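# Per-entry structural report
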Amino acid sequence: MLQRKRYIERVRPLYDNDSIKLITGIRQTGKSVLMRQIRDELEAQGKKIIYIDFADPAIAEECRDVKSISSYIAVHWRRRKARQTCYVFFDDVQKLANWSVVCRALTLSRVSLFVAGSGAPLLTPETTRNLAGNCAALRVRPFVYKELRDYAAEMGREASVEDYVQYGGFPKRLECADKAEMLRYLSNLDAEAFRDAIVGCKIRRDTVFRRAADFVLTSNGQPLSANAVHSRLKKMGVSCSINTVMNYLDNLEAACLVRRLPTYSALAHRNLNTYAKFYDEDVAFHMLRKPKGSADSAANLENIVYNELIYMGYTLSAYAHRGGESIDFLAEKDGREYFVQAAESIAEKGEREKKLRLLNKLDNSRKKIIITNDEEDYSTSVVEHIRLKDFLTMEDLRG
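The following paragraphs examine the structure supplied in this document. Quantities reported herein were computed from a predicted structural model and do not represent experimental measurements.

## Examining the overall build of the protein chain
Within the protein chain, the secondary structure is distributed over 16 helices and 13 strands. Relative to a compact globule of 399 residues, whose C-alpha radius of gyration would be 21 Å, the protein chain shows 23 Å and is just as compact. Considering only C-alpha atoms, the protein chain reaches an extent of 75 × 50 × 50 Å along its principal axes. Looking at the protein chain as a whole, 51% of its 399 residues qualify as buried.

## Observations regarding the pattern of salt bridges
Scanning all chains against the criterion turns up 25 salt bridges. When the shortest N-O distance is used, the salt bridge between Arg4 and Glu147 registers 2.7 Å. Of the two residues, Arg4 is situated in the segment before helix 1 (5–11) and Glu147 in helix 7 (residues 145–154); the sequence distance between them amounts to 143 residues. For the residue pair Arg4 and Glu147, the accessibility class agrees, reading buried in each case.

## Brief notes about the side chain of Lys333
Inspection of the secondary structure assignment puts Lys333 in strand 10 (residues 326–333). Within the structure, the side chain of Lys333 is placed 2.9 Å from the backbone oxygen of Met312, a separation counted as a polar contact. When residues no more than four places from it in sequence are discounted, the contact partners of Lys333 are Met312, Gly313, Tyr314 and Asp396.

Criteria and cut-off values
- Residues numbered from 1 in each chain as written.
- Predicted model: local features only at pLDDT ≥ 70, side-chain atom pairs only at ≥ 80, totals over all residues.
- Heavy atoms only, no water.
- Helix = DSSP H or I, 4+ residues; strand = E, 2+ residues; numbered from the N terminus.
- Rg over C-alpha atoms; globule rule 2.2 N^0.38 Å.
- Buried < 20%, exposed > 50% of the residue type's maximum accessible area, 1.4 Å probe, protein only.
- Salt bridge = Lys/Arg side-chain N within 4 Å of Asp/Glu carboxyl O.
- Polar contact = N/O pair within 3.5 Å; in protein donor to acceptor, adjacent residues only side chain to side chain.
- Contact = heavy atoms within 4.5 Å.

Here it is in structure tokens:
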């Protein structure tokens with residue numbers, strides 16, 4: 001079982017905090033595994049744990065509301081004859097009706113509460129009100145390459161960079177016997193994720209939502225606006241309002257299917273609200289919506305770079321330079337800033353000059369990096385070229 005070290009490091013300072021530790025994300029990203037790893041770490045420290053898995057029918061029958069859950073915890077805690085903090089874990093919490101009300105009630109007693117759930121977006125305005133702001137959310141995502149490689153090694157298998165860029169980082173796909181089984185698994189996961197989004201976001205026109213989502217998920221890395229999505233739907237003969245499209249974009253993000261990257265304007269010195277880039281939570285969502293063998297590898301490569309930078313802990317924005325030119329990412333962490341450009345290849349001289357032109361224009365107050373699939377090193381005196389396979393093994397941009 002692969003240790004999700006980065007996530008544990010983020011939640012560890014909150015172990016004895018009275019906030020609700022909410023672990024979110026789409027299906028099959030390892031939320032329950034992470035919960036068990038946190039539980040095991042606390043048990044190794046001699047802490048006493050109550051673990052409630054609402055996917056267990058017997059538990060779900062016994063623990064249905066605030067009163068029954070409080071009684072369950074009280075009984076099990078008395079048996080332990082302990083006076084210290086009670087560490088309570090709720091797994092698959094979306095199966096519990098009014099779960100946020102239950103969690104809020106429990107935090108009034110001496111409880112450190114860890115909650116994991118998927119499916120319907122957990123942080124809706126209603127649940128946020130119920131939690132009264134007493135919540136620390138951690139979004140668990142599919143594996144980055146380092147995790148996928150290590151998990152494959154645990155099973156005596158290999159995971160290549162090419163495989164990762166094409167099929168993404170959902171852990172269980174590595175357990176499939178062959179490619180056909182893997183594609184069936186990913187397709188089923190995709191269908192379940194969309195059912196969760198439609199139910200959780202209370203979407204009434206699910207066909208229109210799916211059409212909009214298909215366009216966004218296959219436009220990963222491209223600047224998009226609600227108007228652009230609306231125009232695309234109109235060309236497809238689908239009628240809906242701009243406000244509906246704006247809500248759908250919010251729904252996709254709330255359901256953890258995409259992440260929105262704001263655009264920072266060098267001219268306005270602020271983030272722009274009109275245009276943003278959307279990156280798929282996992283590039284498998286792009287691959288599944290393309291005809292066999294025609295997935296846009298350049299788009300997926302950029303998406304992969306985005307996912308990895310987020311995992312490394314960088315705060316990102318797209319960077320719009322004066323004159324309409326743009327850099328894929330302005331990355332910031334620990335007071336250091338980097339310009340990062342992603343490209344499939346710059347081996348051709350004309351393409352290389354084109355990609356490096358804007359980076360060369362920018363001042364040298366920030367380090368400039370370009371990441372490609374090329375084997376040859378195309379670094380210059382002002383731009384560092386990093387091979388994708390090397391970038392995927394780095395802990396951060398400093399090496």
